[in-house]
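Listed below, chain by chain, are the residues.
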Amino acid sequence: MTHLPGWLVVVDMQRVFGDPGSPWTAPRFEEVRPRVRRLVEAYGERVVLTRFVAPLEPAGAWVGYYEQYPFALQPPDAPLYDLVDDPGTARVLTATTFGKWGPELADVVGGGPLTVAGVATDCCVVSTVLPAADAGVPVRVVADACAGSSDDDHRGALRLMGLYAPLVEVTTTDAVLAG
């Protein structure tokens, strides 16, 4: 049974971002993983996990992106796009975009509030958080349950999202779990 308000959105906790040999690795991925698990447990059935996958045919600016990262042009069921933990009964939202906020996620979480954790703070997390906040959904970003492309990029993204207060609150795992 969940005791925390709203929904937890866990952004892209996938092998491609956790593998130290991946060009997309988030160096502190394994460090944040236990905190993400604690949050998932606390939210119970009110968890949405997201997955980033490559499109079948890149279009527009994505063409140049995948020219830079051709290793990622694999089908959605490729092992690199697997979630690192079993999703259990949690909803899984798969998208070919960095940001996961859109009609599908909005239909699940309604007006929130949202608590967001995952990777990378400076890419898919910020791209999910800011459109949700702009849509009027209260968002908490769990700083110590997010990992960035680097420590500097992580801190910069947290600073940026913090500028959106009071729409976005930057917090910690312990503060969220304290209720």
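Definitions and cut-offs
- Residues numbered from 1 in each chain as written.
- Predicted model: local features only at pLDDT ≥ 70, side-chain atom pairs only at ≥ 80, totals over all residues.
- Heavy atoms only, no water.
- Helix = DSSP H or I, 4+ residues; strand = E, 2+ residues; numbered from the N terminus.
- Rg over C-alpha atoms; globule rule 2.2 N^0.38 Å.
- Buried < 20%, exposed > 50% of the residue type's maximum accessible area, 1.4 Å probe, protein only.
- Contact = heavy atoms within 4.5 Å.
- Salt bridge = Lys/Arg side-chain N within 4 Å of Asp/Glu carboxyl O.

K.L.:
Looking at this structure, I do not really get the overall build of the chain. What am I missing?
P.N.:
Assigned secondary structure in the chain consists of seven helices and six strands. Ordered by position from the N terminus, the helices and strands of the chain form the series β-α-α-β-α-β-α-β-α-β-α-β-α. Rg of the C-alpha trace for the chain: 15 Å, near the compact-globule value of 16 Å for 179 residues, within the 12% margin. If one aligns the C-alpha atoms of the chain with their principal axes, the spans along those axes are about 45 × 35 × 30 Å.

K.L.:
In this structure, what is going on with the side chain of K100? I would like to understand it.
P.N.:
You can see K100 is positioned in the loop between β3 (91–95) and α4 (103–109). On the basis of relative accessibility, which here comes to 4%, the residue K100 falls in the buried class. Residues in contact with K100, not counting those within four places in the same chain, are D12, T50, R51, F52, L93, A95, L105, C124, S127 and T128.

K.L.:
I tried to follow the environment of L39 on my own but got confused; where do I start?
P.N.:
Structurally, L39 is set in helix α2 (residues 29–43). Between the alpha carbons of L39 and V142 there is a distance of 9.6 Å; along the sequence they are 103 residues apart. Beyond its immediate chain neighbours, meaning those up to four positions away, L39 contacts L8, A117, V142, A145, T173, V176 and L177.

K.L.:
Looking at this model, I keep getting lost on the pattern of salt bridges. Mind explaining?
P.N.:
In this structure the tally under the stated criterion is 10 salt bridges. A salt bridge links K100 to D12, with the nearest nitrogen and oxygen atoms 2.9 Å apart. Taken as a pair, K100 in the loop between β3 and α4 and D12 in the loop between β1 (7–11) and α1 (15–18) lie far apart in primary sequence, 88 residues in all. A relative accessible area of 0% places D12 in the buried class. Put simply, R155 and D152 hold a salt bridge, and the shortest N to O gap is 2.4 Å. Remark: D152 and R155 occur in helix α6 (residues 151–162); sequence separation between them is three residues, near one turn of the helix. R155 gets classed as partly exposed once you look at its relative accessible area, which sits at 41%. The class of D152 is exposed, set by a relative accessible area of 54%. Counted as one network, the salt bridges with shared partners bring together E30, R33, R37 and D85.

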